[in-house]
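Per-entry structural report
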Amino acid sequence: MSIRHYNPRRRRRGGVSPKTRNFLYALVALTIALQISYPLIGGEALRIVTIATVYAGALAMILHGHLSYGFKYSSRYVPAVFLFGLGIESLGLHTGWPFGTYEYDSSLGVALFGVPLVVPFAWLMMVHPALIAARRVTTHWVFIYGGALLMAWDLFLDPQMVAAGRWTWEVPGAHVPFTPDVPLSNAFGWLLSGLVITGILHLILPRERRKESASLVAVDALLIWTWFSGFIGNLFFFDRPGLAVFAGFVMGVILTPYFFSSWLGNKD
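Small disclaimer: the values here were computed from a predicted structure and weren't measured.

With that out of the way, let us pick up helix H5 (residues 142–163). Side chains of residues three or four places apart in an α-helix project in the same direction, reflecting 3.6 residues per turn. Taking 1.5 Å as the rise per residue, H5 with 22 residues should run 32 Å; its terminal C-alpha atoms sit 32 Å apart, in good agreement. Of all the bends found along H5, the most pronounced is centred on aspartate 154 and spans about 35 degrees. Within H5, 17 of the 22 residues are buried, which leaves the element mostly enclosed by the surrounding structure. Directly after H5, the chain includes glycine 165, whose backbone phi takes a positive value near 80 degrees.

Here helix H1 (residues 18–37) contains 20 residues, and its C-alpha end-to-end distance of 28 Å stays within 8% of the 28 Å for a straight helix at 1.5 Å per residue. Taken residue by residue, H1 has Leu24, Leu27, Val28, Thr31, Ile32, Leu34 and Ser37 as its buried positions. Lining the buried residues of H1 we find helix H2 (43–69) and helix H7 (217–237).

Only a minority of non-glycine residues have a phi that is not negative, and only a minority of peptide bonds are not trans. Backbone torsion omega between tryptophan 97 and proline 98 reads 10 degrees, so that peptide bond is classified as cis. Structurally, the position occupied by proline 98 is in the loop between helix H3 (71–95) and strand E1 (102–104). Residues other than glycine seldom take positive phi values, yet phenylalanine 113 does so here, at roughly 55 degrees. Checked against the element boundaries, phenylalanine 113 lands in the loop between strand E2 (111–112) and strand E3 (115–116). When its relative accessible area of 63% is taken as the criterion, phenylalanine 113 is described as exposed. Despite not being glycine, phenylalanine 178 shows a phi value in the positive range, around 65 degrees. Looking at the secondary structure, you find phenylalanine 178 in the loop between strand E5 (175–176) and strand E6 (179–183).

Attention now goes to empty space enclosed by the protein. This structure, assessed with the given rule, holds 1 cavity of 30 Å³ or more. By volume, the largest cavity amounts to about 60 Å³. If you go around the largest cavity, the residues you meet are Met151, Asp154, Leu155, Pro159, Val176, Thr179, Val182, Asn186, Ala187 and Leu243. Examining the composition of the lining of the largest cavity, we find that 4 residues originate from one element, H5, more than from any other. Within the lining of the largest cavity, the residues separate by chemical class into 7 nonpolar, 2 polar and 1 charged.

Criteria and thresholds
Residues numbered from 1 in each chain as written. Predicted model: local features only at pLDDT ≥ 70, side-chain atom pairs only at ≥ 80, totals over all residues. Heavy atoms only, no water. Helix = DSSP H or I, 4+ residues; strand = E, 2+ residues; numbered from the N terminus. Expected span 1.5 Å × (residues − 1). Bend = angle between axes of the 7 residues up to and from the residue. Buried < 20%, exposed > 50% of the residue type's maximum accessible area, 1.4 Å probe, protein only. Contact = heavy atoms within 4.5 Å. 1 Å grid on protein atoms, 1.4 Å probe; cavity = no way out; pocket = protein on both sides within 12 Å on 5 of 7 lines; lining within 4 Å. Points joined across faces, edges and corners; volume = space filled by probe spheres on them. Nonpolar A, V, L, I, M, F, W, Y, C, P; charged D, E, K, R; others polar.

See below:
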């Protein structure tokens, strides 16, 4: 007589409900649709679309963080990133450090301490994907990868906003390659502030995903779209081919390890 040992299969991570998943995807789709309309409109409509894009993207990433890592994640992520974004932008606005000397336009709406409210929400939209990607790629150097990705993202973002008149820079010295109206100090400022915020979040936020968790599709879609639209937009719509190639190469190099790891590993 023998005894058969039964080893149950490890439970795979389940997904969120279809309604919740579809709502998350709808927010990401709305963010992308608003960005698609960007080069096709102007005036007040463009101003509204610019602001709406940020709020839709921020809400999508906050929701993804909540669905993936739970209330502990979202309840810490939102105030930490909002206050950091508001604080570092206020510091930069009033002292010129770490980004350089710049000034916001009133078209961005209501401001706190001189910083338009939409700006910290842009940080909320950008930092979550950067942290997700950094944690996927590395264990010990999350802050470096996250900071580099945020800097690369801003290589596309800042020139677009400057061209639209949302803010202006003083450029007394070196500038970002192919972007004479944005100082090189801005790239270093984004790298430095990105290192700090991703490092802090890596320490204070949960790392294990929930058993019933949102997949990485929403994050992947936003990252891929940011890279693709930045390259195509600058190449064909904004007449900045040099920036398209330069920023596209930088962001592509940084994103490659993440997507290589994601596609080879568990995609849920």
